[in-house]
Structures are given as structure tokens and as C-alpha cells.
Amino acid sequence: WSSDIGGSDVLDLLYIYIISLAARAFTILFFFPVLRCMGLGFDWRDAVLTWVAGLRGVVGLSMAMIVHFSARDGHELEKTGQRFMFHMGGVYFLTAVINATVSTPLCHYLKLDVKPRARILAMVNVNDACCQHVISLVQNSDGRESAIVDKAKEISMICHRTAGLGESDSTDSVVDLDGERRRMLDVCTLRYRGYFEAGQISMSACLALDHVTKNAMFRCGTEMQRWSVLGRLCAKLLSFSELPLGIGAFVLNLSTEIAWGFVEAQRSVRETLPSSPILGEVEKEEVGGSAFMELLSAEHPKAVQQMRARHLAFTARNAVLGKIHEALADGTLHSDEAKALEEMAEKFTQSFDGRMLESGSEPPVTQAAPQTNVESGV
């Protein structure tokens, strides 16, 4: 503490600290619309915690130390370096003492560390299924209950208590619609990205679907209305399908990919979460997407045929690669032979879409993939 540091410097330190808080708040508020569309979403609670929990003064303190230790022993900037060091060190100290102390209670208060009830119940269900499986295996092998059975039952009871359920309570009696909708949206997000990585939909379609899903994350307290947004978008894109220079074809394909990806994701949700209490909402939205696909089939059959051909090519590719990997695992094929067959499968997938369109036939989506004789390389 230097004798040159007075009350005015302490007051300036408080001003700097408050201004740094205001500057961070303004920055977060300015970029809030962009942050909402990034990652897993960003709501007002995330913004508040980001504002409070930000550590300030680290870079400034490093610069202050450089100035302070460079301007010493009668240097003309000695007093400036001392004040610079005091202010930056003070901001860092106040941040570490005030902001760091408040951050954890604030996180608890905003419930940002709380796992959705539906996910906890899903974990309990999986745990119960695993425990029952262990018990059945032990009873079938020993013909009687043993210490392993008692341990499995104990684990099941601990899991129920952790979830806030009684020993005799059923997870089916506890409904968390908000959490169930979040689970459904998580499944949809994974499916959209899987479709994109497999080449079934374009990046533009994946981004559109992902964006609507993230926005729906903040409205899980009410019934899902995703297709009302996507339907308007697809209809708007469809109105530009007659534009020249390839623009019309692009927006038509984009509209088809969005509708197809949405419908397929809803079907996947029904298979992944067969006992979810929000299946009625999922089916309702799936009906809207399917109706739009039927409209596209009537007005633009080639676009739908291309989409379905791409899906069938993906299904056939997975079936062929699965057989190749199975043959490689059991020793029927060597690694070099499997690699050659995988390259053939990739070429088959790339040419499959084009052949289906040239023939003008509509590929059945549910048709099984063609059988491949792996051993003969056909």
C-alpha cells in the first residue's frame, strides 16, 4: 500500500468496478439474441449468471504489474504505475470476493444446476430394469436369492430415495411434462444432426430444425408448436420454387429436407420414448409434417422421390456396411478385403440416388435393404 494512494483512489476503484459490471451487462445484452441461437441455447438465467460470475481484472492486472515493476525508483510513471496496480488489483480482489462468493448461491437460486425431473425418473427406470435383470440372472443360476439380490434391491431403493420417491412409489405416477418435452427435444436434436452427418439433409435444413428446437427449449411449459413455425417456413420456401438460376430448386429441396427431417425425427421419438406422456403432442406435430409431405408429393414429386431415394441409399449403405463389419469380426474377411468392399458400398450409395431419379420410380422407404453376399464380394 503506497502513501500516494488516497480516498479518491479508493472511490475511483469502486467506480471502475461498477462500470466493469455495467459494461459486461451491456455486452451480454447486446449479444443475447445471437447467444440464444448458439450451443444448447441461452436464456435470461444463463445471462444473469454469466454477468455475475465473470472474472474481471486478470488481463488488466497483468498489464498493471508490467507497468508497476517497469516504472520504479524515481521513474516519471512511478505514481501512475502504483495507481494502475491498485485499481486493477482492487477490481480483481472485489471480483474474487464478491462475484465468486455470490455465483454458487445464485446458480442454486436460478435452478441452473437442477436436472429435469423427467431425466431423473428415466434414470430410475433404467436402474430398476438393470436391477431386475441382475436379480433374474442370479435366481436362474442359483435358484434362490443371494447377497447379490439383496444388494441389487438396496441399490434400487437408494436410487428411488435420491429421486425423491418412496420405496413403493412408481415413476409412472410422477409426470414432469416440462422435462419430458426437453427429453423429446434432445432426441430430435440428435436425430437432426445424425441426418446431416449421414448426408440425408443439408446443413441449411439442419440449422433450421436445430434453431426451432432450441427456441422450443424455452417454452417447454406449454404444448409444443414447432411445426407451426416450420410449416410457415416450408410454405414460404415453397412459394419461391419457381425462381430461375437454380434458386427455385434449392429452396424446394430445402423445404423438402426440413419437412422430411422433422417427420422422421418425430417417428424416432415415438420409438425411443414409447411411454412418454407427451406422445400425443408428438403425433399431432407429425401429422402436420406428414400432410405437408403429401402436398409436396402431389405438387413436386421429383423432390420427394429424391429425398426418399437418399434415405433408402443410406439404409442400404448401413445394412451393407453392417454385414461387412460382421464378416470382418468373425474372421470371414481380412481387413484389406473389408476395406475394398466398403469402398464399393460407398460408390453404390453415391450412384444409387441418381439411378432412382433417372428411372422415375418412387423408392419404398420401408423396403428392406438388398441382401449382399459378403463372402463373394457381390
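Where an unreviewed UniProt entry is consulted, the protein chain appears under the name Cation/H+ exchanger domain-containing protein, with the organism given as Noctiluca scintillans. UniProt, in the comment section headed Subcellular location (unreviewed entry), describes the protein chain in these words: "Cell membrane".

Side note on helix α9 (residues 226-238)
Relative to the 18 Å expected for 13 residues at 1.5 Å per residue, α9 spans 18 Å between its end C-alpha atoms, a close match to the ideal helical length. Those residues of α9 that sit buried are Arg226, Trp227, Leu230, Gly231, Cys234, Leu237 and Leu238. Viewed along the axis of α9, the buried residues span an arc of 130°, placing them on a single side of the element. Opposite its buried face, α9 presents the exposed residues Arg232 and Lys236, each directed more than 90 degrees away. At its buried positions, α9 is contacted by α7 (177-197), α8 (203-217), α10 (247-272) and α11 (279-299).

Considerations on a nonpolar patch on the surface
Together, Leu11, Leu14, Tyr15 and Ile19 make up an exposed nonpolar region whose accessible area comes to about 400 Å². Here Leu11 shows up in helix α1 (residues 7-36).

Thoughts on the nonpolar core
By size, the foremost hydrophobic cluster in this structure holds 39 residues, and its most contacted members are Met184, Ile201 and Ile258. Of all elements in the fold, only α7, α8, α9, α10, α11 and α12 (301-329) reach the threshold of two or more residues within this core. Ranked by residue count, the leading element in this core is α10, at 10 residues. When residues are assigned to domains, this core turns out to be shared by domain 3 (176-299) and domain 4 (300-356), each giving three or more. Each residue touching Ile258, except ones within four places of it in the same chain, is listed here: Ala205, Ala208, Leu209, Leu230, Leu233, Cys234 and Leu237.

What counts, and at which threshold
- Residues numbered from 1 in each chain as written.
- Predicted model: local features only at pLDDT ≥ 70, side-chain atom pairs only at ≥ 80, totals over all residues.
- Heavy atoms only, no water.
- UniProt positions renumbered as here; feature names shortened; annotations may be inferred.
- Helix = DSSP H or I, 4+ residues; strand = E, 2+ residues; numbered from the N terminus.
- Expected span 1.5 Å × (residues − 1).
- Buried < 20%, exposed > 50% of the residue type's maximum accessible area, 1.4 Å probe, protein only.
- Arc of directions from axis to C-beta.
- Contact = heavy atoms within 4.5 Å.
- Patch = residues over 30% accessible without salt bridge, like charges linked within 9 Å, V, L, I, M, F, W, Y side chains within 5 Å.
- Areas by Shrake-Rupley, 256 points an atom, 1.4 Å probe, with all protein chains shown as cover.
- Salt bridge = Lys/Arg side-chain N within 4 Å of Asp/Glu carboxyl O.
- Core = buried A, V, L, I, M, F, W, Y, C linked by side-chain atoms within 4.5 Å.
- Domains from an automatic or database assignment.

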